[in-house]
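Now for the letters of each chain:
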Amino acid sequence: MLVLMLQTAGKMHGSNQSGVSDFLLLGISESPEEQQIMFWMFLSMYLVTVMGNLLILLAISFDSHLHTPMYLFLANLSFTDLFFVTNTIPKTLVNLQSQDKAISYTGCLTQLYFLVCLVTLDNLILATMAYDRCVVICRPLRYITAMSPGLCILLLTLCWALSVLYGLFLTLLMTKVTFCGPRRIHYIFCEMYVLLRLACSNTQMIHTVQITTGCFIFFTPLGVMVMSYVWIVRAILRIPSASSKYKAFSTCGSHLAVVSLFYGTLSMVYLQPLKAHSMKDSVATVMYAVVTPMMNPFIYSLRNKDMHGALGRLLLGKAFQRLIGRKLRH
């Protein structure tokens with residue numbers, strides 16, 4: 001349905017403008033030597049991201065010990081990160097190996113839709129995870145009832161619904177923008193700020209709407225996270241034992257690291273004037289679009305004993321099955 005709407009918009013868009021309707025995704029550098037280096041770098045990072053997030057999903061799916069609210073949210077986060085890099089990196093890899101770097105108007109807006117939707121979903125899931133950590137530390141005896149399966153499903157449904165609607169809203173808003181002249185995008189994917197810089201129509205209203213809705217969509221969950229950690233810190237300070245304090249806070253360490261990485265890279269891209277552009281923006285975009293999804297599985301698994309055990313059982317179980325299969329064949 002989304003593709004059909006964008007194709008219709010693309011035909012209307014093309015009929016009102018002269019020239020080709022494609023954009024050129026030029027990436028970060030146009031140097032052939034640097035493009036080869038970036039190809040292998042992006043390919044390696046993509047494979048690591050896919051493998052890491054798939055292992056997280058498989059471990060949570062097959063290990064009954066991880067069928068808890070926290071790991072349900074983590075599974076959704078891993079799925080989002082997996083889908084996020086798949087939306088952008090394969091096209092980037094093709095462009096780095098091809099002379100034709102064009103992406104159609106429909107393809108560009110489709111990529112933009114999933115980008116907005118998945119970044120929003122990441123943000124909302126991180127807020128939900130902060131609330132979950134708040135409940136488990138501040139109300140441990142009521143955790144099972146407070147975070148019931150029904151509530152968890154409801155929270156995730158709201159996260160997905162808001163993300164889908166917000167992505168659709170901004171993407172349809174972009175169909176009202178008129179583009180003319182050179183459509184050269186010095187990014188690795190179609191991003192809203194970049195497209196607005198290429199517009200030859202007045203984008204002030206669209207930019208204002210984007211800023212207003214974006215502040216609400218992103219700062220409201222951030223407020224939930226801040227308030228959750230205020231309650232968490234207050235609860236931890238009441239714990240008499242230093243070892244118990246450390247154990248309680250360590251359950252939040254991974255989440256805090258992911259939140260810091262997510263908001264740090266995102267703010268480098270979006271907390272700046274619309275007309276500004278530099279190499280720093282491209283690097284920051286790569287950070288939040290590629291590095292953050294790649295690092296999340298490592299952050300959540302390195303210091304998590306339950307995840308260590310689940311991954312060990314998953315990998316050793318597969319190895320054991322292969323060993324038994326070889327013996328049976330012989």
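Anything mentioned here points back to the structure above.
Everything numeric here is computed off the predicted structure, so don't read it as measured data.

What follows deals with the overall build of the chain. The number of helices and strands found in the chain is 11 helices and three strands. Scored against the burial criterion, the 330 residues of the chain give a buried share of 48%. Taking all contacts inside the chain whose residues are at least 6 apart in sequence as the whole, residues at least 24 apart take part in 79%. Of the roughly 16800 Å² of accessible surface on the chain, a fraction of 70% belongs to carbon and sulfur atoms.

The next subject is the state of the cysteines. Taken as a whole and judged by the stated rule, the model has one disulfide. Here Cys108 connects covalently by a disulfide to Cys190, the sulfurs 2.0 Å from one another. Between Cys108 and Cys190 the sulfur-sulfur dihedral comes to about -120 degrees; the bridge is accordingly left-handed. Of this pair, Cys108 sits in helix 4 (residues 105-138) while Cys190 sits in the loop between strand 3 (184-185) and helix 7 (192-198); the two residues are 82 residues apart in sequence, bridging distant segments of the chain.

Where helix 4 meets helix 6 (residues 149-174), the axes come as close as 8 Å, and the angle between the chain directions of the two elements is 150 degrees. Like other packed secondary-structure pairs, helix 4 and helix 6 cross with a definite hand, here right-handed. Side by side, helix 4 and helix 6 meet where Tyr105, Leu109, Leu112, Tyr113, Val116, Cys117, Thr120, Leu121, Leu124, Ile125 and Thr128 of the first sit next to Leu155, Cys159, Trp160, Leu162, Ser163, Val164, Tyr166, Gly167, Leu168, Leu170, Thr171 and Met174 of the second. Within the contact of helix 4 with helix 6, the residues separate by chemical class into 18 nonpolar, five polar and no charged.

Right, let's get into the nonpolar core. Met174 and Ile185 are the most contacted members of the largest nonpolar core, which has 94 residues in total. Looking at this core, the element that brings in the most residues is helix 4, giving 19 residues. Every residue in contact with Ile185, bar those within four places of it in the chain, is listed here: Phe23, Leu24, Leu25, Leu26, Gly27, Cys108, Cys190, Val194, Leu195 and Leu198.

Criteria and cut-off values
Along every chain, residues carry numbers that run from 1 in the direction the sequence is written. Local features in a predicted model are, by the rule used here, given only for residues with pLDDT of at least 70; side-chain atom pairs are given and counted only at 80 or more, and totals for whole chains, interfaces and linings are based on all residues. Computation of side-chain values covers all heavy atoms of the structure but excludes hydrogens and water. Secondary structure elements are defined from DSSP: runs of H or I of at least 4 residues count as helices, runs of E of at least 2 residues count as strands, and each element is numbered from the N terminus. Summary of the burial criterion: residues with accessible area below 20% of their type's maximum are buried, those above 50% are exposed, and those between are partly exposed, where the area comes from a 1.4 Å probe applied to protein chains only. Here, two residues are considered to be in contact whenever any of their heavy atoms come within 4.5 Å of each other. Here the Shrake-Rupley method, with its probe set to 1.4 Å, supplies the accessible areas, and only the displayed protein chains count as covering residues. The disulfide definition used here is simple: a pair of cysteine sulfur atoms within 2.5 Å. Angular values range over 0 to 180 degrees, each being the angle between N-to-C directions of two axes fitted as lines to C-alpha atoms, with helices fitted over their stretch in contact. It is the rotation of the near helix from the far one that decides the hand of a crossing: anticlockwise by less than a right angle makes it left-handed, clockwise makes it right-handed. Polar here means any residue outside two lists: the nonpolar Ala, Val, Leu, Ile, Met, Phe, Trp, Tyr, Cys and Pro, and the charged Asp, Glu, Lys and Arg; Gly therefore counts as polar. We define a nonpolar core as any set of buried Ala, Val, Leu, Ile, Met, Phe, Trp, Tyr and Cys residues linked to one another through side-chain atoms lying within 4.5 Å.

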